[in-house]
Amino acid sequence: MRIDVVTIFPAYLDPLREALLGRAVERGLLEIAVHDLRRWTHDVHQAVDDAPYGGGPGMVMRPQVWGEALDEVLPAGPQPARLVVPTPAGRPFTQTTARAWADEQRLVFACGRYEGIDERVLLDARARGIEVDEVSIGDYVLVGGEVAVLVMVEAVARLLPGVLGNPRSAAEDSFSDGLLEGPSYTRPETWRELAVPDVLRGGNHAAIARWRRDRALERTRDRRPDLLDALPPDALDAADRAV
Ligand SMILES: N#Cc1ccccc1Cn1ccc2ccc(-c3cc(N)[nH]n3)cc21
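The following paragraphs examine the structure supplied in this document.

Section: the environment of arginine 215
Mapped onto the elements of the fold, arginine 215 is located in helix α8 (residues 205–223). Measuring from C-alpha to C-alpha, the distance between arginine 215 and glutamate 181 comes to 8.1 Å, with 34 residues separating the pair along the chain. Every residue in contact with arginine 215, bar those within four places of it in the chain, is listed here: Gly182 and Pro183.

Okay, here's the thing in structure tokens:
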């Protein structure tokens, strides 16, 4: 997978070169290119924004600059690519989204700032046959798209083959079965007079699986009842429903 990110703050994306993702790039499991949007300005001030038509607070990012940038970074043509635009007004980005995007050959992220990007940039991209996803990472307002891109790139990249040391981690993490993950423990057996639950030290794998499922159901019911409501009818068996 190749990931391109266009932004006026390229340094915001430096964390993509660190740790797990940095090692995945070094190992050639994915490519990441970050582009400074100001490269496509032609004025001495390198202006990327202007006042909004119709008035209102803040500024809007100019279509000309974005248009030239995306013409170069995301040329229309046979190679499929997806343009992702983070916005508070977007569809929710979820684990399901991450799984779907993990199958893409190319992802291009457009990081807006100010009050966002002129709508015609997205219209033009769609008119050129490019898939455009406007996505939100949560119901709160950030200052720009860069942090949202860090979140989404990490969520997608960890699903790529070879990126995680143990592929079971991605297969069994929260949301993989529609539930939140339950509590985890490691050594020592007792810490500050708090003991690891006996069942986890007992070696009975069926009992451990049951205990973990029960804790996941309890946690999901308590923190995210909406996820329980979204489960398919046959997702919970009688033992689950008794929790
Ligand atoms: N757009 C916009 C906007 C609209 C109103 C007020 C402030 C902004 C700032 N902003 C500019 C770019 C941009 C990108 C993504 C987010 C974003 C995503 C999530 N999930 N929250 N916030 C915000 C962004």
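So, the nonpolar core
Ile3, Phe93, Trp101, Phe109, Met152, Val153 and Val156 are the most contacted members of the largest nonpolar core, which totals 28 residues. Secondary structure elements with two or more residues in this core: β1 (2–7), α1 (19–26), α3 (95–101), β6 (106–110) and α5 (146–157). Residues contacting isoleucine 3, with those up to four places away along its chain left out, are Leu30, Glu31, Ile32, Ala33, Leu107, Phe109 and Val153. Counting residues in each nonpolar core, the second largest holds 23 residues, with Trp40, Trp66, Leu70 and Val121 among its members.

Remarks on the site of the ligand
Around the ligand, the structure places 17 residues, and the nearest of them are Ser136, Ile137, Gly138, Tyr140 and Leu142. Looking at the shell around the ligand, its residues break down into eight nonpolar, seven polar and two charged.

Concerning the pattern of salt bridges
In total, this model carries 20 salt bridges according to the counting rule given. A salt bridge links arginine 39 to glutamate 72; the nearest nitrogen and oxygen atoms lie 2.3 Å apart. Of this pair, arginine 39 sits in the loop between β2 (31–36) and β3 (49–50) while glutamate 72 sits in helix α2 (residues 63–73), and the two are 33 residues apart along the sequence. Residue aspartate 133 is joined to arginine 82 by a salt bridge in which the shortest nitrogen-to-oxygen separation is 2.6 Å. On the criterion of sequence distance, the pair formed by aspartate 133 in strand β7 (residues 131–136) and arginine 82 in strand β5 (residues 82–92) is long-range, its members being 51 residues apart. Each member of the pair, aspartate 133 as well as arginine 82, carries the same accessibility label: buried. One salt-bridge network, in which partners are shared between bridges, spans Asp177, Arg210, Arg213, Asp214 and Asp240.

Rules of the game
- Residues numbered from 1 in each chain as written.
- Predicted model: local features only at pLDDT ≥ 70, side-chain atom pairs only at ≥ 80, totals over all residues.
- Heavy atoms only, no water.
- Helix = DSSP H or I, 4+ residues; strand = E, 2+ residues; numbered from the N terminus.
- Contact = heavy atoms within 4.5 Å.
- Core = buried A, V, L, I, M, F, W, Y, C linked by side-chain atoms within 4.5 Å.
- Buried < 20%, exposed > 50% of the residue type's maximum accessible area, 1.4 Å probe, protein only.
- Near = heavy atom within 4 Å.
- Nonpolar A, V, L, I, M, F, W, Y, C, P; charged D, E, K, R; others polar.
- Salt bridge = Lys/Arg side-chain N within 4 Å of Asp/Glu carboxyl O.

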